[in-house]
Amino acid sequence: MKVIFKAIGGFFVRIWRWIKETAWVQPLLIVSLIFGIILLIQPISQGITSLVDTIGKRQPLYKNNKVSLYDNDAYDLIYDEDTKFAKDDKYFLVFVQEGCDGCESAYPGFKTLFEDKTFQSDYKMKTIYIDEEGDDVDMFKEGKMYDLFFRFTDEIDNFHQAIYNAADNSEYWDETFDQESEQRNMLYDIYIGEDISTPLILLMDKETYEEDPSTFGIKEVMIGVRGWDGGTDKYDLAETLDRMWLSSWGSDYKLGK
């Protein structure tokens with residue numbers, strides 16, 4: 001065994017001696033090392049960022065696109081016709097909250113959809129944190145989320161109805177959820193104003209609103225994200241979201257088109 005280690009050590013010693021004695025090799029190695037470091041910087045940086053996001057549950061896509069419950073920002077986005085599509089003609093409106101397992105599960109799908117070049121549409125997102133008021137505020141009682149979603153008014157009741165109708169008329173719901181599914185129960189709770197499950201994902205579309213204002217502009221609805229054809233990785237989730245964006249649930253769908 002010692003003979004083998006001695007032979008290996010001698011081999012590397014001879015290589016090192018040759019490098020030191022061969023002048024043209026040294027700058028070549030230095031240049032190669034620099035290029036290697038440059039090429040590694042981006043993957044390492046992306047890996048560290050992804051790790052930090054995962055460990056810290058930062059979910060920057062959600063947080064950076066937040067529409068606040070305060071100052072009537074979220075309320076106007078839903079109920080004011082001049083605000084609803086003032087900035088974007090089409091966007092995902094996603095209701096999320098801190099510590100929500102479904103929101104965390106859906107996040108890699110959104111991140112892949114927005115950042116991976118496989119998917120090519122001009123996606124937009126707005127998020128509403130239903131727990132923005134804090135842990136010590138009950139969203140089912142007087143407060144910002146209560147005023148937005150749970151207060152008994154005709155306008156809010158019509159919003160619940162629009163969510164239910166958009167889901168019930170969706171090919172995705174017809175093919176994916178039977179009448180006894182948990183998502184169906186969640187949808188019914190929204191319909192009667194009893195509860196809201198997160199992530200509640202609405203595809204808001206200006207053309208849909210102009211054709212029928214009673215829709216509130218809601219073209220598609222999902223509660224949580226299921227990978228297409230049962231897949232579970234981030235690309236499967238992103239494909240489902242892309243299909244939602246394009247309202248293309250059938251076999252005519254083309255990835256990223």
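Our subject is the structure listed above.
The present account deals with the structure reproduced in this document. Please read all numbers here as calculations on a predicted model, not as lab measurements.

So, about helix α6 (residues 101-115). Counted at 1.5 Å a residue, the expected span for α6 with its 15 residues is 21 Å, and the 22 Å between its end C-alpha atoms agrees. Bending of α6 peaks at approximately 30 degrees at the position of Y107, with proline P108 no more than four residues after it. Residues of α6 that are buried in the fold lie against α3 (60-64), β1 (90-96), β2 (125-129), β3 (200-205) and α12 (234-246).

Summed over the entire model, instances satisfying the criterion amount to 1 disulfide. Residue C100 pairs covalently with C103 via a disulfide, S to S 2.5 Å. Of note, the bridge from C100 to C103 carries an S-S torsion of about 80 degrees and is right-handed in sense. Of the two residues examined, C100 and C103, each falls in the buried class.

Our next topic: unusual backbone geometry. Among all residues save glycine, negative phi is the norm, and among peptide bonds the norm is trans. Between T198 and P199 the backbone carries a cis peptide bond, its omega angle lying at 0 degrees. You can see P199 is positioned in the loop between α10 (182-191) and β3. Even without glycine at this site, F216 takes up a positive phi of about 65 degrees. Here F216 shows up in the loop between α11 (206-211) and β4 (218-223). Using a relative accessible area of 10% as the deciding quantity, one classes F216 as buried. A positive phi angle, near 50 degrees, is found at S247, a position not held by glycine.

About the cut-offs
- Residues numbered from 1 in each chain as written.
- Predicted model: local features only at pLDDT ≥ 70, side-chain atom pairs only at ≥ 80, totals over all residues.
- Heavy atoms only, no water.
- Helix = DSSP H or I, 4+ residues; strand = E, 2+ residues; numbered from the N terminus.
- Expected span 1.5 Å × (residues − 1).
- Bend = angle between axes of the 7 residues up to and from the residue.
- Contact = heavy atoms within 4.5 Å.
- Disulfide = S-S within 2.5 Å.
- Buried < 20%, exposed > 50% of the residue type's maximum accessible area, 1.4 Å probe, protein only.

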